[in-house]
Amino acid sequence: MACANTSWSEENFSCSICLDVFNSPVTTACGHNFCRTCVTKFWDEQVRYKCPVCNKLFNTRPDLQVNTFLSELAAQFRTSVGVKGPPCVEPGEVPCDVCTGTQEKAVKSCLMCSTSYCQTHLEPHQRVAGLKKHRLVEPMDRLEDRMCKKHDRLLELFCQTEQVCVCLLCTVTDHKSHPVVPLKEEYEVKTALLGKRGADVPQKIQERKQKIKEIKDTVELSNRDADREIAHGGQVFTALIGCVEKGRDEFNQTVKEKLKSTVKRAEDLIKELEQEIEDLTNRSSKVKQLSHTEDHLHFLKAFRSLKDPPPTRDWTTVEVRPPSYVGTLRRSLDQLEETLNMEMKKLPDDAELKRVQKYEVDVTLDPDTAHPTLFLSEDGKQVHNGDVWKTLPDNPKRFTYVSVLTRQSFSSGRFYFEVQVKDKTAWCLGVARGSIDRKDLTEWTPETGYWSLWYCDDVFFFRDNPDVRLPLRAGLQKVGVFVDYDEGLVSFYDVEARVHIYSATGCTFTEPLYPILGPWFNSAPLIISPVNQTD
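Since this is a predicted model, take the numbers as computed values, not measurements. (Residues numbered from 1 in each chain as written. Predicted model: local features only at pLDDT ≥ 70, side-chain atom pairs only at ≥ 80, totals over all residues. Heavy atoms only, no water.)

Participant: Help me out: how do you make sense of the environment of glutamate 185 in this one?
Facilitator: Relative to the helices and strands, glutamate 185 is located in helix α5 (residues 183-199). In sequence terms glutamate 185 and phenylalanine 158 are 27 residues apart; their C-alpha atoms lie 8.8 Å from each other. (Helix = DSSP H or I, 4+ residues; strand = E, 2+ residues; numbered from the N terminus.)

Structure (structure tokens):
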């Protein structure tokens, strides 16, 4: 038989249904060719049997026979252009590398040839003496990847030292002193490890989904808070702008009234001067006229009727001074400051306190840090100065001055706690860095790691350099402390009055912060109290 015309294209040997080179081609009565499998499947899905190309109808389903001539031509064409037929293997099976038509399932793989063979093409390895020496194994896919590049042998062992797959010769050369195990054994170990690693993956995924929800909820809450703050801030600033505009108008009015008073005085003096000038001019005219009269009788009569000169003011000391505006602007600004302070007092501190109280944390005092004269309650919520020096083991965490830290510290986010100071005559409280010097009494300032509020000898202040004096708060019973670590903010509140006391802003926090309490004089305790937002 003549060879297939290699000038023909693949279209000449392609099934019009699958568009691939014919595999077991059959011919219908109308002369069109298809793969047996393709046309059979096509008719299985039809109600009436017809040709897929010309639509010719058949009364009964045609009994198809393979077109052997076309099949041979298709096989020769497939061989000439290197086209393999579709494999007749199931998923997971290895196809034969030698089959040129329909690829059959491989039954063995040769490690020497790096080729997989079906039962038919394996026959030479079972017959030829030289091929019989080749090592045959169960069918393997991608044999080249399973061979040692150095020794051209199967990778069937695992080096536990270098964590790589090796062949048998590797164990007596490069990996001679390394522990090796069969691939299956290491596979089982790694599979078990993988199972352990993967066991918590669903939980981690769920945790991250929950975290995404929390973040989205926080953003939504932040948007609502921002809208509320902007609305409230707009009202406050509108009121403040009104105060400023009113102060400006009053200042302008004061200046204008001073100017008006000065102008009126000037006008009155000018009018008086002009009147005197007129009177003096009239008299001067009469005197001049009389002085030129030569009739003695008329002169004497007229002289008797001539009135005395009109009284005139001594104008040497009279002056109009420009109005003085010194202090006018200052007094207006002082008045504005007083008004603004009054408006500030109207701000809803209660709403602000409620917002920060949401960040309440549960903290307890750490006895290992307490000064030897301090006595802590069993629950770690109260501390008082007993003025009795207890013998305690030396502890580098312990203060040598009357203070105590909490067990808990905070390195991010926001936190809030409340301390009852009722009946205390002297105390301090706030937060401190964990690295503060606990043995030598240093200045309690932000520079040394303390952000604290102090009350002593009827003096109330935030400890800084210099100290910030604060107005005494009558009836102060409980102090709230709020910290925004990331924003660098420490704020103090009068909880009972629900007003803001003081805020330290622009703080720099670089390590954990601990709440700190100093119950100085008298035996009344400082008490870490639960937050009650309904007060």
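Participant: Just checking my understanding: could you explain the pattern of salt bridges for this structure?
Facilitator: As a working rule, side chains carrying opposite charge can pair if their charged atoms are close by. Under the defined criterion, the tally for this structure stands at 24 salt bridges. Taking the shortest distance from any N to any O, the salt bridge between glutamate 229 and arginine 355 comes out at 3.0 Å. One end of the pair, glutamate 229, is in helix α6 (residues 201-291); the other, arginine 355, is in helix α9 (residues 349-357), and 126 residues separate them in sequence. By relative accessible area, glutamate 229 is classed as partly exposed at 34%. For arginine 355, a relative accessible area of 27% puts it in the partly exposed group. Close ionic contact of arginine 473 with aspartate 494 constitutes a salt bridge, the shortest N to O distance being 3.0 Å. A residue pair is termed long-range when its members are at least 10 positions apart, and arginine 473 in the loop between β18 (468-470) and β19 (478-484) and aspartate 494 in strand β20 (residues 489-494) qualify at 21 residues. Put simply, Glu443, Arg463 and Asp467 are held in one network by salt bridges that share partners. (Salt bridge = Lys/Arg side-chain N within 4 Å of Asp/Glu carboxyl O. Buried < 20%, exposed > 50% of the residue type's maximum accessible area, 1.4 Å probe, protein only.)

Participant: So what exactly am I meant to see when it comes to the packing of aromatic side chains here?
Facilitator: The geometry of an aromatic ring pair comes down to the distance between the two centres and the angle between the two planes. As enumerated under the stated definition, the model contains 17 aromatic pairs in all. Summarising the aromatic geometry, the rings of tryptophan 43 and phenylalanine 58 are spaced 6.1 Å apart at their centres and angled 70 degrees between planes, so their arrangement reads as edge-to-face. With a gap of 15 residues between them, tryptophan 43 in helix α1 (residues 36-44) and phenylalanine 58 in strand β4 (residues 57-58) connect regions that are remote in the sequence. One exposure class covers both tryptophan 43 and phenylalanine 58, and it is buried. Ring geometry for tyrosine 359 versus phenylalanine 482: centroids 5.9 Å apart, planes at 45 degrees, classification tilted. (Phe/Tyr/Trp six-rings, centres within 6.5 Å; stacked < 30°, edge-to-face > 60°.)

Participant: Help me understand the side chain of arginine 433, please; the structure alone is not making it clear to me.
Facilitator: Within the secondary structure, arginine 433 is located in strand β15 (residues 426-433). In contact with arginine 433, not counting residues within four places along its chain, are Pro446, Glu447, Thr448, Gly449, Trp451, Glu511, Pro512 and Leu513. (Contact = heavy atoms within 4.5 Å.)

Participant: Where do I start with the sheet that holds strand β8 (residues 157-159) in this structure?
Facilitator: By definition, the strands of a sheet pair up through backbone hydrogen bonds, in either a parallel or an antiparallel sense. Here three strands make up an open sheet; going across it, the order is β9-β8-β10 and the pairing antiparallel. In this open sheet, the two edge strands, each paired with only one partner strand, are β9 (164-166) and β10 (180-182). Looking at each pair of strands side by side, their axes are set apart by 35 degrees on average, direction ignored. (Pairing = 2+ DSSP bridges. Axes fitted to C-alpha atoms, helices over the stretch in contact; angles between N-to-C directions.)

Participant: It is not clear to me how unusual backbone geometry should be interpreted in this structure. Could you clarify?
Facilitator: Trans is the common state for peptide bonds, and a negative phi is the common state for residues other than glycine. Between asparagine 465 and proline 466 the backbone carries a cis peptide bond, its omega angle lying at 5 degrees. Its place among the elements puts proline 466 in the loop between β17 (459-462) and β18. Even without glycine at this site, aspartate 457 takes up a positive phi of about 55 degrees. By relative accessible area, aspartate 457 is classed as exposed at 64%. In this model, asparagine 522 sits at a positive phi of 60 degrees, which is unusual for a non-glycine residue. Relative to the helices and strands, asparagine 522 is located in the loop between β22 (513-519) and β23 (526-529). Residue classification places asparagine 522 among the partly exposed positions, given a relative accessible area of 28%.

Participant: What is the right way to look at the side chain of serine 116 in this model?
Facilitator: Position of serine 116 among the secondary structure elements: in strand β6 (residues 115-117). Of note is the side chain of serine 116, whose polar atom sits 2.7 Å from the side chain of serine 109. Among residues more than four places away in sequence, those in contact with serine 116 are Val94, Pro95, Cys96, Asp97, Val98, Ala106, Lys108, Ser109, Met140 and Leu143. (Polar contact = N/O pair within 3.5 Å; in protein donor to acceptor, adjacent residues only side chain to side chain.)

The values are spatial; any link to function lies outside them.
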